[in-house]
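# Understanding the architecture of this molecule
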Amino acid sequence: APTCLSKPPLSAFTSSGSPAVLARLPGSRVPPPANNTAPQPPLAMPTVSVGRDRLFAALGRVYTQDEFEALCFDFGIELDDVTTEKAIIRKEKHLEEDVEADGDDEVIYKIEVAANRYDLLCLEGLARSLRIFTGSEATPIFKIASIPRGSMLQMHVRPQTSQIRPYVVCAVLRGVTFAEVRYNSFIDLQDKLHQNICRKRTLVAIGTHDLDTLQGPFSYEALPPQEINFIPLKQEQTFRADALMDFYRSDMKLKKFLHIIENSPVYPVIYDSNRTVLSLPPIINGAHSAITLKTRNVFIECTATDLTKANIVLNTMVAMFSEYCENKFEVEPVEVVSHDGSTAIYPDLSCYKMEVSLSDIVGPIGISLDETQVISLLNKMQLQADLCSSNREPCISVSVPPTRSDVLHARDLAEDVAIAYGYNNVPKSKPKSMTIGGRQPLNRFSDKIRAEVARAGYMEVLTFVLTSHEENFDMLNRTDDGNKAVIIANPRTSEFEVVRSSLMSCLLKTLKHNIDHPRPIKIFEVGDVVSLDTSRDVGASNNRRLAALYCNSNSGFEEIMGLVDRIVKIVRAPHINFGQTYYVPSSEPEFFTKRQCKIVMSDGKQVGYLGIVHAEVC
Amino acid sequence: RRTWRARSSPTSTPTARSPTRAPSPPIKRLRAFHIIESTEPCLLSCPQDITREAWVLTDEAKGYAAGGSREVHLVAAIPPEGASRAALKEEFGDVVFDIARKAAAKNKWIRFERGIVLRTVEDTTDEMQELLKRVENGEVVPDLIKELKRRKLVTKEKVIWYSLKKGPEFVVKRKTLATDVTREHLKSGDWKDLEFKDYNYEAQGQPIAIGYSQPLLEVREAIQNIFLEMGFSEMPTNMFVESSFWNFDALFQPQQHPARDSHDTFFLKAPATTTQLPDDYLEKVKQVHQSGGYGSKGYGYDWKRDEAEKNLLRTHTTAVSARMLYKLAQEEHFAPNS
């Protein structure tokens, strides 16, 4: 059985071994949290799929793939993949290369964009941004149609909505022409926004309707599900809202949104003045007001739990598609009347005005440009810039359009100027002041110990900080009194349930996986363990430990003792006070009785222990 | 076992005649091989393999060559009046009588009459004995060898001869090559006369017991050195448990951001929350998130304290940077290396 030694700051393990019968480790998996579906993919940049030829037509010229990649790189996006619709469908259905599949051979570009650029999530926005970047177009100015207040469409908000989904914002696009491609783009953008800023419809949900099928004023209400009846999109019969929840439980696309409202006593619902249901947010729209290719006037409503984001979403929708309106870039407003009588007009397409000194923009980048140059670079990035009449230092006033909701601070302007200037063109430079570096004393000390133990012929290992509860406690014959280990609330597997409170189980696990290694096996690790600690603000603290393990056909107790003697010798006075004898008998459960001892300083404080690992532990 | 027979004259070639016996005692063949191999190039330079085959008498045949053949004895044992088969069998034994009778009958030395064996001749010439003696002397008798073989009186013996002669480094007294230098050599002074056997440099040395450094940690050290050489000071990062405040909020990461999802962050059951947070700084952070400040527009959402108090396993070391910056900001006067 292995012998082990461990506790701060020195720990050493030894092991001797009858052909090790190390315990089986459980391979059980913890099921994913109940209220979510399958584990999410890791946080990735959103990808937009656009038809290559459509894109080039919108850009006004044809590029070679290399040219286009270079353009993307300069702008700060990336061409991720080139494929065809056929290939995509083939992949989804797992078909072989030569099997006939649906979809055409139109070349599709998959472009990766930054997660906070909602204006790049559809072909319209992407193409427009690139045209502005290359200088073939100016940033559009979005207008609100001038409609007298009294003639504006109204959305009345009932008080019950505050219980479940308090906010709603609306807008109208007049005189649009939807060809199939534009229609698909319109639907896709809603999907992308739902996935992205809307946090899967939990924060914001978008509903789009054929205005000509409806009659204003509209009302945004929250009613008990039994009182809501309508024909949902793509269905023929009427459903009651609660039955509809059950109906969609088997729908691949919609079942993951049910949880947002299904346990609420009231469901949000939007009616027109004829009590036609426009939508049951965030689940589904009504069939009555469904948009078709013939639709001319579009009514957009966004319900939300976050008003700021609702506005961003609405603005993105109208900014992207108002280019298809009869009056290009003009949006018709809607008045939202709250239950307390207050009113607001949406969309709020006002530009965010910023005044920034020239040095605040070019200084952080490390380039020298004058105002004119900076202004032209900002304009390339859709940030309307102008000289600002300030008498002190050169200053630039910037009008940030509703499409650039990601700009919050002067630093964001600096970033865009740097991108437009070209990151690769920024000159490298050395820091202006000299500093003297230094290491953390604990790390310096740890490295010396590590080198010493390696010189003693031990192999350094690096093991996981997270471990299973069983490995950390039961397998070492220890019990968890709840005051020791840091426990993870949402472990992904049972392998990572607690943060290790001892290096011993880590070394034993390493031994187990290398049990056929020629003898003697000598391994060690210097690393942190974590324990609960009420004296710290976070309630836990790290502790740097050394552990070493010896495994052979003899127990090797004296081997480990020799290692400990060596370490004591090199760290002792004047640094650490060890007396003449520093071994005291102990009785820890992970070792055989009378085959273990603790290591103490001259004041009796225990700093480690060693022993022959108990057969039950092995 | 075969034994060596060394010729007295090292240069003479062997013949089929009986080789002379060497004055030295016979040595085992294997040992002889060793001697030949190890003494090259001192003694030999042309060992030659010469194999000869010879017929040798079996022990039985040697007995006949020395004392006469059985059939002659049989005839001599028959008295003039003859002897009964039974009596003869009793005298010679069944087997011998049978063989002798056959041979004698072949030679027409005996005849049978009513169970009595009688002589036909007075004297016999022991041709067998003569023949065997001739074979023993090394004479080749191809036509008669068949009969001898049949009667199992001869066997074939293979003899391998080696021709040895003096090599270029012939010495009368052999010198042993040393394989190692020892204390005894040095102490006794024998080292002066030492001649060494060649080392086989293609063999491996003895594997030694060594310790190892973890390769990832070596890379880490190399990276740390790059920063140290540029004048960077190391931050204390030995704190795996962190609050959402320092890990996210102080770094302006909004509370609804997907990175704060339970899918991307390990939140803790124990210790679940941090209640000790710098209140004045927390207020500032809250303000900037909600409504902006310090040049920022802010996020425009309701910032919640209990979200910030949630503990997690640090998702990036930038959380340590946040703490360090706060500490630095408490200083009276900010300057590098202060």
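Residues numbered from 1 in each chain as written. Chains lettered and ligands numbered in written order. Predicted model: local features only at pLDDT ≥ 70, side-chain atom pairs only at ≥ 80, totals over all residues. Heavy atoms only, no water.

### Quick notes on a negative patch on the surface
All names here are of chain A. Residues Asp66, Glu69, Glu78, Asp80 and Asp81 make up a contiguous surface patch of negative charge. Elements supplying a minimum of two residues to the negative patch: α2 (65-75) and β2 (78-84). Considering each element in turn, the negative patch owes the most residues, 3 residues, to β2. Mapped onto the fold, Glu69 is located in helix α2. Judged by relative accessible area, Glu69 falls into the partly exposed class, the value being 32%. (Patch = residues over 30% accessible without salt bridge, like charges linked within 9 Å, V, L, I, M, F, W, Y side chains within 5 Å. Areas by Shrake-Rupley, 256 points an atom, 1.4 Å probe, with all protein chains shown as cover. Salt bridge = Lys/Arg side-chain N within 4 Å of Asp/Glu carboxyl O. Lys, Arg positive; Asp, Glu negative; His and termini not counted. Charge placed at Lys NZ, Arg CZ, Asp CG, Glu CD. Helix = DSSP H or I, 4+ residues; strand = E, 2+ residues; numbered from the N terminus. Buried < 20%, exposed > 50% of the residue type's maximum accessible area, 1.4 Å probe, protein only.)

### Side note on the UniProt feature "domain: PheRS DNA binding" (unreviewed entry) in chain B
In this structure's numbering, the residues bearing the UniProt feature "domain: PheRS DNA binding" (unreviewed entry) are residues 69-123 of chain B. Along residues 69-123 of chain B one finds 53% helix and 18% strand; the C-alpha atoms at either end are 14 Å apart. (UniProt positions renumbered as here; feature names shortened; annotations may be inferred.)

### Concerning the packing of helix α3 (residues 70-77) of chain B against helix α5 (residues 94-106) of chain B
Residues and elements named next belong to chain B. Following both chains from N to C, one finds α3 and α5 inclined at 90°, their axes separated by 8 Å at the closest point. The pairing of α3 with α5 is recorded here as roughly perpendicular in orientation. Contacts between α3 and α5 involve Arg70, Glu71, Leu74 and Val75 on the former and, on the latter, Val96, Phe97, Ile99, Ala100, Arg101, Ala103 and Ala104. Looking at the contact of α3 with α5 residue by residue, the classes come out as 8 nonpolar, no polar and 3 charged. (Axes fitted to C-alpha atoms, helices over the stretch in contact; angles between N-to-C directions. Parallel < 35°, antiparallel > 145°, perpendicular 65-115°, else oblique. Contact = heavy atoms within 4.5 Å. Nonpolar A, V, L, I, M, F, W, Y, C, P; charged D, E, K, R; others polar.)

### Here's the deal with the domain arrangement of chain A
Residues and elements named next belong to chain A. Each domain of chain A was delimited in the assignment, giving domain 1 (47-134), domain 2 (143-346), domain 3 (352-422) and domain 4 (443-613). Averaged C-alpha coordinates put domain 1 and domain 3 at centres separated by 30 Å. Tallying the contact residues gives 9 residues for domain 1 and 10 residues for domain 3. Across the domain 1/domain 3 interface, buried area totals approximately 830 Å², and carbon plus sulfur atoms make up 53% of it. The tally of links between domain 1 and domain 3 comes to 1 salt bridge. Among the ionic pairs, Arg117 bridges to Asp406, the shortest N-O distance being 4.0 Å. Our enumeration of links across domain 1 and domain 3 arrives at 3 residue pairs in polar contact (both at pLDDT 80 or more). Among the secondary structure elements, those contributing two or more residues to the side of domain 1 that touches domain 3 are α2 and α4 (123-134). Sorting elements by how many residues they give to the side of domain 1 that touches domain 3 places α4 first, with 3 residues. Counted by class, the side of domain 1 that touches domain 3 contains 4 nonpolar, 2 polar and 3 charged residues. (Domains from an automatic or database assignment. Buried area = accessible area lost by both parts, 1.4 Å probe. Polar contact = N/O pair within 3.5 Å; in protein donor to acceptor, adjacent residues only side chain to side chain.)

### Examining the pairing of strand β25 (residues 521-532) of chain A
All names here are of chain A. When you tally the buried positions in β25, you get 11 out of 12 residues, the bulk of the element. Of the strand pairs in this sheet, β25 and strand β26 (residues 540-551) are connected by 12 bridges, and their pairing is antiparallel. Paired with Lys522 across the two strands is Tyr550, which belongs to β26. (Pairing = 2+ DSSP bridges.)

### Notes on the packing of aromatic side chains
Inspection of the entire model under this criterion finds 27 aromatic pairs over all chains. Between the aromatic rings of A:Phe142 and A:Phe329, the centroid separation amounts to 5.5 Å while the plane-to-plane angle is 85°, which identifies the pairing as edge-to-face. Here A:Phe142, found in the loop between α4 and β4 (143-144), pairs with A:Phe329, found in the loop between α8 (307-321) and β15 (330-331); they are 187 residues apart in sequence, far enough to count as distant. A ring pair is formed by B:Tyr199 and B:Tyr201, whose centres lie 5.8 Å apart and whose planes are at 80°; its orientation type is edge-to-face. Of the two residues, B:Tyr199 and B:Tyr201, both sit in the exposed class. In this structure an aromatic cluster arises from ring pairing among A:Phe178, A:Tyr183, A:Phe186, A:Phe321 and A:Tyr324. Against the face of A:Tyr63 rests A:Arg61, its NZ or CZ located 3.8 Å from the ring centre. Across the ring face of A:Phe257, the terminal group of A:Arg201 is positioned such that the distance to the ring centre comes to 4.0 Å. (Phe/Tyr/Trp six-rings, centres within 6.5 Å; stacked < 30°, edge-to-face > 60°. Lys NZ or Arg CZ within 6 Å of the ring centre and 35° of its normal.)

### Considering the nonpolar core
The nonpolar side chains of a soluble globular protein tend to be buried with one another. Residue and element names in this part refer to chain A. Formed by 100 residues in total, the largest nonpolar core has its most connected members in Phe68, Ile111, Met155, Leu193 and Leu378. For this core, the element with the highest residue contribution is α8, accounting for 9 residues. Beyond its immediate sequence surroundings of up to four residues, Leu378 is in contact with Ile361, Leu383, Ala385, Ile396, Val398, Leu413 and Val417. Membership of the second largest hydrophobic core comes to 25 residues, among which are Val453, Ala454, Ile576 and Cys597. (Core = buried A, V, L, I, M, F, W, Y, C linked by side-chain atoms within 4.5 Å.)

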